[in-house]
Structures are given as structure tokens and as C-alpha cells.
Amino acid sequence: MNTTESSPALRETRSVCCYCGTGCGVIIEHEGDRIVGVRGDRAHPANFGRLCTKGSTLHLTTGAAGRALHPEMRDARGEARRRVGWDVALDTAAGRFADIIRRHGPDAVAFYVSGQLLTEDYYVFNKLARALVGTNNIDSNSRLCMSSAVAGYKATLGADSVPCSYEDLAAADHLLIAGSNTAWAHPVLFRRIEDAKKANPALTITVVDPRRTETAEFADLHLQIAPGSDLLLYNAMLHVLLWEDLVDRDFIRDHTSGFDALRSQLAECSPGNVAAACGVPAERIVEAARRFGQSRAVLSLWCQGLNQSHHGTANSAALIHLHLATGQIGRPGAGPFSLTGQPNAMGGREVGAMANLLPGHRELANPAHRDELAAAWGVPALPERPGLTAVELFEALGEARVKAVWIACTNPAHSLPDQARVHAALRAAEFVVVQEAYADTETAAFADLLLPAASWGEKTGTVTNSERRVSRLAAAVPVPGEARPDWAIAADFARRLQRRLGGEGAAGDGFDWPDEAAVFAEHVALSAGRDCDMSGLSHALLEVRGPQQWPFPAGATGGTTRLFADGVFPTGDGRARFAPVAFPARHALLPEAVDARRPLVLLTGRLRDQWHGMSRTGKVPLLWGHTPRAEVALNPVDLVRRGLQVGKLVCLASRRGEMVLPLASDDDVAPGQAWLPMHWGAGTQAQAGANALTVPLVDPVSQQPALKQAAVSIVPYVPGWQAAWAAIARDAGQAARWRSALQPLLADFDHASISLAGRERIVLQLRLAHAAPAEDAVLQEIDQLLGCDAAQAPLAFADARRGVVKRARVEDGQVLALRFAGEVAALDWLLPLMVSGEPLGARRAWLFAPLATLPAGLGAGDATGGRIVCSCYGVGAGAIEAALASGASLGEVQEKLKCGTSCGSCLPALRRMAASALAACAGTAS
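**Looking at the overall build of the chain**
A tally of helices and strands in the chain yields 30 helices and 37 strands. Expected size for 926 residues packed as a compact globule is a radius of gyration near 29 Å; at 27 Å, the chain falls within 12% of this value. Counting only C-alpha atoms, the chain reaches 80 × 75 × 65 Å along its principal axes. For the chain, long-range pairs separated by at least 24 residues make up 71% of all intrachain contacts whose partners lie at least 6 apart in sequence. Within the structure as shown, the chain displays about 31800 Å² of accessible surface, and the carbon and sulfur contribution to it stands at 53%. The chain carries 89 positive and 95 negative side-chain charges, and their two centres are separated by 2 Å.

Below, the structure is given as C-alpha cells:
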């Protein structure tokens, strides 16, 4: 059984982590209706008990703070939403959708869903859109992360069939990691890479990335390419493989097509010809190609660095070409392995819940495939007109070609490119439905109808991870308030809409499933005979036998570890293809060119301890320690060249928007580039985040947007006024409520930043900067919320001439709340003091002094030792560096401080710090 009783009060339920596509098994510990703990499932083959920092803190995200608990609806734009019952909510939605469909046709409505939905949720939405409404306007946020990998697989291998398994990591003798900081984005997989390297020291690793990430630090060879030059690099490597006869001519002859046409195109792609454009010496390109061609078993791993590009399909196909040319596919340790970014992006691909796909890896453009689905769903025909993909969908919404949109479990008001245009589209829509577990996302603010959905730990169903492994999740606790499972909401709406459309669409009881198992059974039946055949799977089988990889046809006794072992591919002639999409062609490396006004290339990406728009991870204070706030980072060379200072505010601007952020120095970023994480948005700062700057240009094949790069300028920002608050919250729930209350105020300032700090003592910090002082009413509202008004914070200092007003609440010598307006320097030393709970003591006399650091001898009260490196134990960089400087080995540091001894996510950082300390010691000795 998935649920067991481990004590009279404590129960345990098996589930799967809801973050990245690794698909780690977890065991939820729960008492009554509360989740009280989580640990890795040692029986799950994806992780064998390991969890990263995010997964190991999942239980801390399950409180009611920020949750959508009841349906809410507004009667007119500009009005506040009011609480309504489910019947009113869904009847209203059905009436509005039916009216729009009758007046404007089925393509006037659209559905935008999510790779974080369960497969059963995905399936019901897909059937609702195509069989009932009669539109292909259903797309997924997987369009933003995996659609180029899908298109690359289909162009070369004939189907979206990832051929590899995680166990291939241990069987490979060479890894090529491209466009993926695996150490941060897929930490548990990186643990397996570390294990493979330890077990086989001869294993070599090449990393291709414009930044020198922690993954690149671990590699034997790092190709720090110019952004956007991936396609040139892989074609140059193929040129070397051909020139040095490192190809498998028998495999090419017997199992592929199109090779001769490709070879004739490669002449201009020699390493010498492309080295300058790639920013990599020709000899290093040759070295990378030889490592690939001379290895016994090569596994390639790639993620958003290749996919989120205006030529992402070509990038993926060119990488797959290296495997086809060398026969490195279909055997242990070998193959092209795309890493999915979301927990069920693969499941959505199986279900076909994207504008150009149909269930069972069928093609919308194929009439026979449409006919098969129409017969199975009991409708005369499925719509033929291609649906709108993510960027197109919101463009159409802004242009009133789409009148109503239903958004489920995703946050496009944070995640899509060119956020100003997305926000304008949501404001222009006639009717916006947001089906969401959290009421405090950026998109929820645009909802005319907000429907509360069940979240992790409250749902039953299935997900499929990066290695095609289907896992079953069981609900551990009841849903809070009036929330419902996503599939049940969609099915209930479908039944109501069906009645209003006069019975047109899906026939009979097409949306009357008794439970999730019945939805899954209908889904897997549609996969029978397809490359992703799952017809042998059921909820019952997964309950008894655990996670299984597809293909798993009816009658099978087990799943399929790897594909194409027989050299036969799901194409018309059974051969893999060297696809013309990846043939050498002149193309712009970047989605937009830098120029004199915008001379820097902005790179966006993920952090180790945060996830997407932080609607879940942002509620866990200890996950903020590694990176406490949004900063834009430049190489030290650019700081000197441009006369910029670390820690000061700068204005970061593209052609579409701008942000005011603190500046950081990072020599892992190449000169001429800037680095900005994508997680922060309008929920925690003044502007919409990195995607206020990114380009809406898409790949012509996959329609995936180029979210990774944009041309930007960075200039100093000198505020006319600054303010800062810090307050200790009773618990994480109160901190989340404070965040929600402050969120509407942020956009009124040039710069605003909310962050959390601490573990046992949780501190919320708010920083503001603007051209002019804020109105007194706004300051009073913030003061009262955070306990910093005159009544609650009696310690005060004022300098009317300089416009400085400071207040503090101090009890038993401990600082509980601060408000600095007009001058904020002292917050730098006071914040760690608040986190540690250390009394002010002699430092009380310096409480309101305009000093960022204290006089010698008073100390800063920083118990964590600076920026947090190990989130599990709250160990800061200062403490680790001090221990290493004293001569301790890395093992001794771990034994003393416990860092890196729990989830292991910080091990790459610890190794980097130990190597730096060793180099510094050697430099001193010399």
C-alpha cells in the first residue's frame, strides 16, 4: 500500500517530488490533516532515498499561507473578487465560455496548462479542449522548456522517445553536459554523476556552458562558448569526427538516412572557421570531439541552455547527430538524454496536451491520427486547425482574437517573455479563469474567476520523469478549504459546458469518470501500439510494483530500460535521420544583437534552492539563504570598465523593459555578459523579473521562446530616497501573509525587494528605493503591518533636515523590528544579528548610526558566517572559509560543521571553496 502507519499518530504515504523532472520518490509523514515531514524513498529507482534542498523541505511548504481556499469571482473589471460557491463559479464559467463560443467560435477560447499537473489532470483538459469545445488552443508551459527537445527527437529519431535511463550514468565513460547546470537544476542526478566519477575515475566529463558553473567546475573540459553558438559547436565537432574517421560507418549505413547530404554541408564548419564565433579555441573544439569519438560509451545531457533558443530544435538535433554518427545510442551508457525541467513535462507530452500534439504521441497534422482520437472520444471529428502555442496564445489574447483563457497550475504573468505585453493581454481579455493552489501568484491577480486547486500531498495520480518512468502518487492529507483536484474541476466544468452547448462535443458520459484511476485507464488505452505504449499500466499495477518505464504494453512483465537497442527507429523506413533542420546554415547566434546602447548579453537561469516563480519555495525561509535577493552579476572586468560598484543599485534595461537591482561581481560570468536568475518577479520586487527583459522570439519549429538571452544596458541608479524594514515573524505563515500584504505596494517604487532570512527565527526584510520619498500613508501602512509604528517601536531617531526617520523595537536586548527611512546602511550588520537572536549589548549605542559595519571589537553578530552555502544546516560561507584557512581538509570541515552531509546539494560549492583555499595557500607559500 502507498499509505502505512508507522506509529499511532504518524502515517506515511509514498509520493513523488513536485519540483524538477528527476522524479525523486518521497515518503510523506503526516498526522491527521497535517504533513509534518518528508524523506527520500530508498525504494524509488530515480533517487534511492536522496533529496535535494528543495525536496527535503517540501513539508515546510504545506501550510495554508498564500493558498487559494475558496472560489472567488469578480462581477466587473476593477472590482475586488468575492467568495462564491463552486456551483456559482463553474456555472458562471460555463455560461461565459458557451456564450463566447456561440458568438465567436471555439477558437475564441483557449487553455494554458502546466507540466506540474498530474497526467490525469492533463488528460481531462486535453479532452475538454479538443473533443468538447472543438479547439486545439491548448498549450502547456512545457512549451517554454521542453518543446525544442521534443522537436529535435522527432526530427532525428522519429518520435519523442527519450532513449536513455539514469542507470546509463554509471555505464558511460564520457559525459557531455550541454546547456545545463545540473549541479543546481537537477541536484540528485548530479549526485549520481559524482558517484559514477568516483566509481570510475576514467570517466571524463565535458561541459558546454557560457558560464563557469559548479557543473563546469566538476568537468575535465569546460567549453565556455559564446551565447547562442551551440549549433556551430556541435557541427564543428561532427566535422572533426568525420575528418579523423571517428564515426561508425556501419551504423550510419545500416540505421540512418540523410548522412551524405549532411556531410556535404559541413565543409565550412571546421573548428578553425567557427572558433571565433564560438569564443572557444579551435584546439579545444577538436579535443571535445576526440573525447566524444574515442569513448566507448557517450551519454549527452542537455536542458534549457539548448532548448530556450530561437534555434533550439537545431541545437538538439545537432547534438543528436553526434550520437547517430558514432553509433552511440541504444546501448548501456550511450545516447542523447534531454533532462526535463518540470515533474510531469513528459506526462504532458504523452497525453498530447500541447497545441500541435495529440495523445499517444500522435500528430495533429495527421488526418488518420485525428480520426483515431475522434472515434475513441465519440465525436464526429477533431478540429484540424493548428492551435495557438504559448507566445501566440497571449498575443492573440491581447489582440482580442482569443476572448477567454483558462490558466491551470502555471504563472504566465511571471514566466512568459516580454512581460509587459503578457500583462496587457491579461487585462484586455474578456474572461480570465485561473485554477491555482496559490492565490498570491502574479497571474492570480488578473483572475476574474479564481478556482482553488489541490496541491502536492493532496492529490492522487501519476507523473512521468525524464527517463520515461511513471510513478503513482497518493494523497496523504485532505485538501484545505474548498480546494479540489485539478482533473475533477476540469471534468465538472466540462459537464456543465456540455449542457450549455446543447450536447455538442463529447458524447454521453465522456467526462463522468468515477476517480483518477479511470482517467488513467482511458489515457493508457490510447497509447496501445504507439511508441509510448503504456497499455499495460494501471494505478493498481503501479501501487503493487512501483514505478515503471514505458514502453510497457499490455501483457509486459516489466518496463523498458533503453530504446533502439535493435537499431530500428519509429520512422517510415525504420532509420534515424540526419535532419536538415540542423544542417549548417547562416543564422543569428542571439535572438537580438547587442549594440552601442545595449552592449551586454543578459543570461537568465535557475538557482539551486528556488523553483520557478517561488510560489512554493519562496515560503520556506531557509531556502533564501543561498541567494537572499535578486542581483544582476557582471564579470569584475566589466565592473572596472564601466565604473560600477558591487552592492550599488543599477538600472538593467532591454528594449522591452527595465529593472532596478543591486549589482554583484561574478568571475564565472564572461566579460560582455550579465547573469540574472529567473525566479524573482512582481511578487517580491518592483518589476516583473527577468522576463520583463526577454525576447518574444521563438524557434520556428518548436515555437519555444528564446528565454536565455537578451541585449541589455546597465547603468548606475542613484535613488533620491531609500528605506528598509526588518521584522521577526512568529512563523513562516505570518511571513507569507506579510509578503502578500506588501505585494501590491511594490510596483509604486523604482526598486523594491522582499526577502526572508533565518531558520528558527524568521526575518522578513523589505528594501525600497525611489526618486522621491514615499507618501506618509504608505510608510504608516508598512510600519503598522511589520510592527514598526511609533506605538510598537518606541526607540526612534529623526533628522528632519536630511529626511531620516529610524525606529526599532527591542525586547530583552534583542532587535525584533526595524524601520530605517532616508538612510539604511546599518541594516547590513543588524539583519544577521536579528537572525541569530544575539542581544545588542554594547552595540545598542550604534543602532541608528549610518554605518554598514561596526567599529572594531564590536563584531557583526553574524552567526551564520555570511551567505548560506549549506541550507540543510544553515552553514555560511564565512564559517567554511575560516575552517579551510585554518588548514582543515574538506572532510574535516564537513565533520566539524556538518555541511554537505545531508542532501549533498552544496558539495560542488564546498569542493570549489576547498580548491580555492588550497590555491590561496599554495600562492602564499610560493
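**Let's talk about helix α9 (residues 230-243)**
Given 3.6 residues to a turn, an α-helix orients residues that are three or four positions apart in the same direction. Helix length check: α9, at 14 residues, gives a terminal C-alpha distance of 20 Å against a target of 20 Å (1.5 Å per residue), a fit within 8%. Extensive coverage of α9 is indicated by the burial of 13 of its 14 residues. Backbone geometry just after α9 places Asp245 at a positive phi near 55°.

**Topic: the sheet that holds strand β22 (residues 548-549)**
Spatially, β20-β21-β22 is the arrangement adopted by the three strands of the open sheet, whose pairing is antiparallel. The open sheet has two edge strands with one neighbour each: β20 (461-464) and β22. Where strand β21 (residues 469-473) and β22 come together, two bridges link them in antiparallel fashion. In the sheet register, Arg469 faces β22, and the bridge partner there is Gln549.

**Brief notes about the packing of aromatic side chains**
This model, assessed by the stated rule, comprises 20 aromatic pairs. Of the aromatic side chains, those joined through ring pairs into one cluster are Phe97, Phe111, Phe125, Trp406, Phe431 and Phe493. When the ring centre of Trp675 is taken as reference, the NZ or CZ atom of Arg211 above it lies at 3.7 Å.

**Looking at the sheet that holds strand β11 (residues 221-223)**
Pairing is parallel across the open sheet formed by five strands, whose spatial order is β11-β10-β9-β13-β14. Each edge of the open sheet is held by one strand with a lone partner, namely β11 and β14 (335-338). Ignoring which end each strand starts from, the neighbouring axes of this sheet average 15° apart. By the bridge criterion, five bridges tie strand β9 (residues 174-178) to strand β10 (residues 204-208) in an arrangement that is parallel. Counted as the bridge partner of His174 is Thr204 from β10. Against the sheet, helix α13 (residues 282-294) contacts β9, β10, β11 and β13 (298-302), and its axis sits at roughly 125° relative to β11.

**Here's the deal with helix α22 (residues 516-525)**
Looking only at α22, the buried set comprises Glu516, Val519, Phe520, His523 and Val524. Buried residues of α22 fall within an arc of 125° about the axis and therefore sit on the same side. The inward-facing, buried residues of α22 contact α3 (119-133), α16 (345-351), β20, β21, α21 (486-500) and α23 (539-545). The backbone nitrogen of Ala517 has a side-chain oxygen 3.3 Å away, supplied by the residue at the start of α22, namely Asp515.

**Quick notes on the environment of Ile27**
Summarising the element assignment, Ile27 is placed in strand β3 (residues 25-31). Between the C-alpha atom of Ile27 and that of Gly49, which follows or precedes it by 22 residues, the distance is 9.1 Å. In this view, Ile27 contacts Glu12, Thr13, Arg14, Gly37, Val38, Arg39, Gly40 and Asp41; residues no more than four positions away in its chain are not counted.

**Quick look at the side chain of Ser15**
Within the secondary structure, Ser15 sits in strand β2 (residues 11-16). When near neighbours in sequence (up to four residues on either side) are disregarded, Ser15 contacts Cys24, Gly25, Val26, Ile28, Trp456 and Leu473.

**What about the side chain of Arg843?**
Turning to its location among the elements, Arg843 is positioned in the loop between α27 (827-836) and β36 (868-870). The buried category is assigned to Arg843, whose relative accessible area is 8%.

**Thoughts on the packing of α9 against helix α15 (residues 312-326)**
Between two packed helices, both the angle of their axes relative to each other and the distance between the axes serve to describe the pair. It is the contact of α9 with α15, at a shortest axis distance of 8 Å, that shows an interaxial angle of 15°. On the basis of their axis angle, the class for α9 and α15 is roughly parallel. Where α9 crosses over α15, the handedness of that crossing is left-handed. Each of Asp230, Leu231, Tyr234, Asn235, Met237, Leu238 and Leu241 in α9 lies in contact with α15, whose residues at this interface are Ala314, Asn315, Ala318, Leu319, His321, Leu322, Ala325 and Thr326. Its residues assigned to classes, the contact of α9 with α15 shows ten nonpolar, four polar and one charged.

**Some points on the pairing of strand β31 (residues 751-757)**
Most of β31 is tucked away, with seven of its seven residues classed as buried. Here β31 shows a buried face lined by His751, Ser753, Ser755 and Ala757 and a second buried face lined by Ala752, Ile754 and Leu756. Bridge count between β31 and strand β32 (residues 762-770): seven bridges; the pairing is antiparallel. Paired with His751 across the strands is Ala769, a residue of β32.

**Section: the pairing of strand β18 (residues 431-436)**
Along any regular strand, the residues point their side chains to alternate faces of the sheet. With six of six residues buried, β18 lies mostly within the body of the structure. Side chains Phe431, Val433 and Gln435 of β18 all project onto a buried face; the interleaved residues Val432, Val434 and Glu436 project onto the opposite face, where all are buried too. As defined by bridge partners, strand β17 (residues 404-408) adjoins β18 across five bridges and the pair is classed as parallel. Across the sheet, residue Ile407 finds its bridge partner in β18, namely Val434. The pairing of β18 with strand β19 (residues 449-452) spans four bridges and is classified as parallel. Along β19, the bridge assignment pairs Val433 with Leu449.

Thresholds applied
Residues numbered from 1 in each chain as written. Predicted model: local features only at pLDDT ≥ 70, side-chain atom pairs only at ≥ 80, totals over all residues. Heavy atoms only, no water. Helix = DSSP H or I, 4+ residues; strand = E, 2+ residues; numbered from the N terminus. Rg over C-alpha atoms; globule rule 2.2 N^0.38 Å. Contact = heavy atoms within 4.5 Å. Areas by Shrake-Rupley, 256 points an atom, 1.4 Å probe, with all protein chains shown as cover. Lys, Arg positive; Asp, Glu negative; His and termini not counted. Charge placed at Lys NZ, Arg CZ, Asp CG, Glu CD. Expected span 1.5 Å × (residues − 1). Buried < 20%, exposed > 50% of the residue type's maximum accessible area, 1.4 Å probe, protein only. Pairing = 2+ DSSP bridges. Phe/Tyr/Trp six-rings, centres within 6.5 Å; stacked < 30°, edge-to-face > 60°. Lys NZ or Arg CZ within 6 Å of the ring centre and 35° of its normal. Axes fitted to C-alpha atoms, helices over the stretch in contact; angles between N-to-C directions. Arc of directions from axis to C-beta. Polar contact = N/O pair within 3.5 Å; in protein donor to acceptor, adjacent residues only side chain to side chain. Parallel < 35°, antiparallel > 145°, perpendicular 65-115°, else oblique. Left-handed = near helix turned anticlockwise from the far one by under 90°. Nonpolar A, V, L, I, M, F, W, Y, C, P; charged D, E, K, R; others polar.

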